[in-house]
Amino acid sequence: MSKYLLEVGVEELPYKFIAQAVEQLKTGFSKFLTTNNIKYSDINVLATPRRLAVIIDGLAEKQDDETKVLRGPIKNVAYDENGNLTKAGEGFLKKNGIDPKDAYLEDNYLHAKVEIKGKETSAVLQENIPSLILKMQGSHFMRWDNFEEKFQRPIRWIVSIMDNKEIPLQIINVKSGKISRGHRFATPNTVEINHPDEYVEKLKSVKVIV
């Protein structure tokens, strides 16, 4: 099992939005992981006026494998009068990568079972986190620079780490790394996060309590 940290650093958030964001992130990540068949034990959301952070504990390294039953065309469309597959039946099988010998009739419809191998969790996170963050809602969302996407305030940095490995991703124009920012007047005011377990204490070292 692994531990994942996402920190989205922003310009100062309105205080009313912070509590809403914490709730949205907890609910959103819970639904996302469940929908994608990724096991986890806990989701902790932390926030300050300049950051929103999600720490996921007990995270499975890959999705569970899944068996799906697909239903195709009705029998008289899938097969001709001689019992051979029609173009419609062949198209259904080809589209889903199914060998004809694995197809069967049930309730007068063509069916097939498909084994879906689970993806690596890191790949699923990379593919989905940007849209998950940009789906967040609240009043007075804004655009900045020439970007079409909106967020509560401009995004300035991102930290994305599973255990001690960076999981690269990009939200709008900002690419992730391991560098977080501390209090504006702390010296130094940046810190490198090498593992989610370091996050809280390392931010304390740059005068931030999450």
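Note: the structure precedes this text.
Per chain, the residues get numbers from 1 upward, laid out in the order the sequence is written. With the structure being a predicted model, the display of local features is reserved for residues of pLDDT at least 70 and the display and counting of side-chain atom pairs for 80 or more, all residues being used for whole-chain, interface and lining totals. Values reported for side chains reflect all heavy atoms of the structure, with hydrogen atoms and water molecules removed beforehand.

A. Main features of the sheet that holds strand β2 (residues 42-48). Reading across the sheet, the five strands line up as β2-β3-β1-β7-β8 and stay open at both edges, with antiparallel pairing between neighbours. Both edges of this open sheet fall to β2 and β8 (165-166), since each of them pairs with a single strand only. Pairing of β2 with strand β3 (residues 51-59), which is carried by seven bridges, proceeds in the antiparallel orientation. Opposite Leu-46, over in β3, you have Ala-53 as the bridge partner. In what follows, a contact means two residues having at least one pair of non-hydrogen atoms within 4.5 Å. Where helices are involved, their axes are fitted lines through C-alpha atoms of the stretch in contact, as for all axes, and angles between N-to-C directions lie from 0 to 180°. Numbered from the N terminus, helices here are DSSP runs of H or I no shorter than four residues, and strands are runs of E no shorter than two. Where helix α1 (residues 15-35) meets the sheet, it contacts β1 (2-10), β2 and β3, and its direction lies at approximately 155 degrees from that of β2. Docked against the sheet, helix α4 (residues 121-134) engages β1, β3 and β7 (155-162), running at close to 30 degrees with respect to β1. Here, strands pair whenever DSSP counts at least two bridges between them.

B. Up close: the sheet that holds strand β4 (residues 66-74). Here three strands make up an open sheet; going across it, the order is β4-β6-β5 and the pairing antiparallel. Two strands lie at the open edges of the sheet, namely β4 and β5 (103-106), each paired on one side alone. Within this sheet the neighbouring strands show an average axis-to-axis angle of 35 degrees, counted without direction. Contacting β4, β5 and β6 (109-116), helix α3 (residues 87-95) crosses the sheet at an angle of about 165 degrees to β4.

C. Structural detail: the nonpolar core. Core analysis: the largest hydrophobic core is formed by 36 residues, its most contacted members being Tyr-4, Phe-29, Ile-133, Phe-151 and Ile-155. Every element with two or more residues in this core is listed here: β1, α1, β2, β3, α4 and β7. Among the elements that make up this core, the one with the highest residue count is α1 (seven residues). Once residues within four sequence positions are removed from consideration, Phe-151 is found in contact with Val-10, Leu-52, Ile-133, Met-136, Phe-141, Met-142 and Trp-144. Throughout this description, the term nonpolar core refers to a set of buried Ala, Val, Leu, Ile, Met, Phe, Trp, Tyr and Cys residues connected via side-chain atoms within 4.5 Å. Exposure classes here rest on a 1.4 Å probe applied to the protein chains alone. A residue is buried below 20% of its type maximum, exposed above 50%, and partly exposed in between.

D. Local environment of the packing of aromatic side chains. Here a pair means two rings of Phe, Tyr or Trp (six-membered ring of Trp) with centres within 6.5 Å. Their orientation is stacked below 30 degrees between planes, edge-to-face above 60, and tilted elsewhere. Applying the stated criterion across every chain, the model contains three aromatic pairs. Where Phe-17 meets Phe-141, the ring centres are 5.7 Å apart and the plane angle is 80 degrees; that geometry is what we call edge-to-face. Separated by 124 residues along the polypeptide, Phe-17 in helix α1 and Phe-141 in the loop between α4 and β7 bring together distant segments of the chain. Here the two residues Phe-17 and Phe-141 agree in accessibility, since each one is buried. Where Phe-141 meets Phe-151, the ring centres are 5.7 Å apart and the plane angle is 65 degrees; that geometry is what we call edge-to-face. Of this pair, Phe-141 sits in the loop between α4 and β7 while Phe-151 sits in the loop between α4 and β7, and the two are 10 residues apart along the sequence. For Phe-141, a relative accessible area of 18% gives the class buried.

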